[in-house]
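# Coordinates in review
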Amino acid sequence: MTDSRGPAFSRRTLIGAALGAAVLTSAGAGTAHADTPSAQRRARAFLAAAMDAYPEHGSIRLAQSYTDQAGLFSTAFTYDNGLAILALLATRSTDGRARAVVLGDALLYAQEHDPVHDDGRLRQAYNVGPYTFYDGSRQPDGFVRADGTANVGTQFGFTGTAVGDMAWAGIALSALARRTGERRFLDGAVRIGEWIERNGRTEEPLGGYKFGVNGANEKLPFTSTEHNTDLVCLFGRLARLTGDREWLARRARAEAFVRKMWEPSGGFFYTGTNDGTTINTSPVPEDTQTWTHLALDSRAHARSLDWAARELAVVDHAERRNSTVPAGQSYEGVTFSSASLLANEDAPIADSQPKPDRNGVWFEGTAHLALALRERSGRGDEACARRLIGSIERAQDLLGGGQTVGGWALPGSCGVVAASSPLDTGFGFGYYPYRHTGATAWYLMAATRFNPLGV
């Protein structure tokens, strides 16, 4: 979820056999082995570096989302940090658990020390280290400001609260509650769930839970399939951990919305609605196909994985018009949405940004698909998943060299870039070849077969 785009853009607006044909036959893709322990160690090293980039600013910290070269400075997205917690827990290591606890406690700190609100919300993003902004103004603090409040990412306007971001933070805290037995993590997850119920529930015809609020605390009109899919997991987890059956009714409301977004003739899920009445039929994103499978595990909807694998399949190489892939390299996977394949290659995605490559590989989404195929475990699914993971591991090896976090050089070949080349999502922002906490976390979960949306 952003992720690397131009400085003026927010993180995100609303939003099998076929894979063998679309991906496995691509020329020049290489034959890297998937799930190598070395690749996973290097991914963990990136998450550690993203957490530890500002040691002089205290032990309460979140992980920086992108390398410095992305131009977002020390921004730490709530969504990315939820993913990092889950990926660290997926490693089943002592260090991974300890780091996950540190990030979980930082999210709880943000809940308790918001500079304006005291209602359990988290903001879209926070600053975790000092920098000088583009206009010359100085941002001097770490994650904890001098007055003790959490350092909300005001410079980029990351001050709103999205239901999806909140849900992923709640999912991460609930996972920590189960793994550690510590009540504070469950309490934080419950506060998140209650905030969503108060601020997101809608009685509009399509139902479900709406997008959240902007920085002025005004409710946003959209309802997202992705967000409601997240809530299927979060509310189900809260029902299980608290024993309160009211969470089951809330889970059913979110799930009902998701199922209304199913298009049976095409075998895919739409992105959601802008007005609560009319379904948006375009663009169609990748994550609504894969996350729905991870959360619902529905045989009736499992074709969505084939749709994503077939309709969003891309191969990126240096010979493509706007590709930034070095000569002799090639990467396969999926792009962000149906609109990405139709992007205007003659114009930049945003001011001061490069022109998009219609075949840019979105590595986070490629990891979603690999994990979902492993979960489905149909004929050929494992082989396809391993091929996709191999492509991600090649990207970790070869793309994004020389990048830094907090001015510090990264260990060699650690961290997965958001995209192989600049790509236009079709939702008002882009992804770029900068190493990314979110993409790295999803890679680790795919490689370790860890489903973060399972109840």
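Before any of the text, the structure's been laid out above.
Throughout what follows, the structure given in this document is the object of discussion. (Residues numbered from 1 in each chain as written. Predicted model: local features only at pLDDT ≥ 70, side-chain atom pairs only at ≥ 80, totals over all residues. Heavy atoms only, no water.)

### A word on the nonpolar core
- By size, the foremost hydrophobic cluster in this structure holds 114 residues, and its most contacted members are Ile 196 and Trp 442.
- Tallying contributions element by element places helix α5 (residues 163–180) first for this core, with 11 residues.
- Setting aside residues up to four positions removed in sequence, Trp 442 forms contacts with Tyr 79, Leu 83, Trp 168, Trp 291, Leu 294, Glu 364, Ala 367, His 368, Leu 371 and Pro 452. (Core = buried A, V, L, I, M, F, W, Y, C linked by side-chain atoms within 4.5 Å. Buried < 20%, exposed > 50% of the residue type's maximum accessible area, 1.4 Å probe, protein only. Helix = DSSP H or I, 4+ residues; strand = E, 2+ residues; numbered from the N terminus. Contact = heavy atoms within 4.5 Å.)

### Describing the pattern of salt bridges
- The full count for this structure, using the stated rule, is 30 salt bridges.
- Where Asp 397 meets Arg 42, a salt bridge forms, and the shortest distance between an N and an O atom there is 2.6 Å. With Asp 397 in helix α12 (residues 381–398) and Arg 42 in helix α2 (residues 37–51), this pair connects stretches of sequence that are 355 residues apart.
- Asp 397 sits in the partly exposed class, given a relative accessible area of 35%.
- Arg 191 is the partner of Glu 112 in a salt bridge, and the nearest nitrogen-oxygen pair spans 3.1 Å. Linking Glu 112 in helix α4 (residues 94–112) with Arg 191 in helix α6 (residues 183–200), this pair joins segments that are 79 residues apart in sequence.
- By relative accessible area, Arg 191 is classed as partly exposed at 23%.
- The structure contains a network of salt bridges with shared partners spanning Glu 194, Glu 197, Arg 201, Glu 203, Glu 246, Arg 250 and Arg 253. (Salt bridge = Lys/Arg side-chain N within 4 Å of Asp/Glu carboxyl O.)

### Here's the deal with the packing of helix α3 (residues 78–90) against helix α13 (residues 437–447)
- For the pair α3 and α13, interaxial distance at closest approach is 8 Å and the crossing angle is 30 degrees. It follows from the interaxial angle that α3 and α13 lie roughly parallel. Considering how the two elements wind past one another, α3 and α13 form a crossing that is left-handed. Residue-level contacts link Tyr 79, Asp 80, Leu 83, Ala 84, Leu 86, Ala 87 and Ala 90 of α3 to Thr 437, Gly 438, Ala 441, Trp 442, Leu 444 and Met 445 of α13. (Axes fitted to C-alpha atoms, helices over the stretch in contact; angles between N-to-C directions. Parallel < 35°, antiparallel > 145°, perpendicular 65-115°, else oblique. Left-handed = near helix turned anticlockwise from the far one by under 90°.)

### Focus: the packing of aromatic side chains
- Overall, the coordinates contain 29 aromatic pairs when judged by the stated rule.
- Geometrically, the ring pair formed by Phe 336 and Phe 429 is edge-to-face, given 5.9 Å between the ring centres and 75 degrees between the ring planes. You can see Phe 336 sitting in the loop between β13 (330–334) and α11 (363–376) and its partner Phe 429 sitting in the loop between β16 (423–424) and β17 (430–431), a full 93 residues away along the chain.
- What links up through ring pairs into an aromatic cluster is the set Phe 73, Phe 77, Tyr 131, Phe 133, Tyr 134, Phe 156 and Phe 158.
- The cationic tip of Arg 250 hangs over the ring face of Trp 247; the distance from NZ or CZ to the ring centre is 4.5 Å. (Phe/Tyr/Trp six-rings, centres within 6.5 Å; stacked < 30°, edge-to-face > 60°. Lys NZ or Arg CZ within 6 Å of the ring centre and 35° of its normal.)

### A closer look at the sheet that holds strand β10 (residues 272–273)
- The strand order across the open sheet formed by three strands is β7-β10-β11, and the pairing between neighbours is antiparallel. Strand pairing shows two members of the sheet lacking a second neighbour, β7 (223–224) and β11 (279–280), which therefore form its edges.
- Here β7 pairs with β10 via two bridges, running antiparallel. Bridge pairing links Ser 224 to Gly 272 in β10. (Pairing = 2+ DSSP bridges.)

### Section: α6
- For α6, with 18 residues, the first-to-last C-alpha span of 25 Å sits near the 26 Å given by 1.5 Å per residue.
- What α6 keeps buried is the set Phe 185, Leu 186, Gly 188, Ala 189, Ile 192, Gly 193, Trp 195, Ile 196, Glu 197, Asn 199 and Gly 200.
- Each element contacted by the buried residues of α6 is listed here: α4, β5 (161–162), α5, β6 (212–213), α7 (225–242) and α8 (246–260). (Expected span 1.5 Å × (residues − 1).)

### Details of α2
- Taking 1.5 Å per residue, 15 residues should reach 21 Å; α2 reaches 21 Å between its end C-alpha atoms and fits that length.
- Where α2 is concerned, the buried positions are Ala 39, Gln 40, Arg 42, Ala 43, Phe 46, Leu 47, Ala 48, Ala 50 and Met 51.
- Looking at the buried side of α2, the elements it contacts are α3, α4, α12, β14 (404–405) and α13.

### Examining the packing of α7 against α8
- Relative to each other, α7 and α8 sit at 160 degrees, their axes nearing to 8 Å. When the interaxial angle is binned, α7 and α8 end up roughly antiparallel. At the point where α7 passes α8, the crossing takes the left-handed sense. In this structure, α7 uses Thr 225, Asn 228, Thr 229, Leu 231, Val 232, Phe 235, Gly 236, Leu 238, Ala 239 and Thr 242 to contact α8, whose residues at the interface are Trp 247, Leu 248, Arg 250, Arg 251, Ala 254, Glu 255, Phe 257 and Val 258.
- Here the contact of α7 with α8 is built from residues that sort into 10 nonpolar, five polar and three charged. (Nonpolar A, V, L, I, M, F, W, Y, C, P; charged D, E, K, R; others polar.)

### Considering the environment of Tyr 79
- By secondary structure assignment, the location of Tyr 79 is in helix α3.
- Classification of Tyr 79 as buried rests on a relative accessible area of 0%.
- Within polar-contact distance, the side chain of Tyr 79 engages the side chain of Glu 364 at 2.6 Å. (Polar contact = N/O pair within 3.5 Å; in protein donor to acceptor, adjacent residues only side chain to side chain.)

### Some words on the environment of Gly 365
- Within the secondary structure, Gly 365 sits in helix α11.
- Exposure remark for Gly 365: the relative accessible area of 0% places this residue in the buried category.
- When the C-alpha atoms of Gly 365 and Ala 146 are compared, they prove to be 38 Å apart, with 219 residues separating the residues in sequence.
- Contact partners of Gly 365, with chain neighbours within four places excluded, come to Glu 286 and Val 334.

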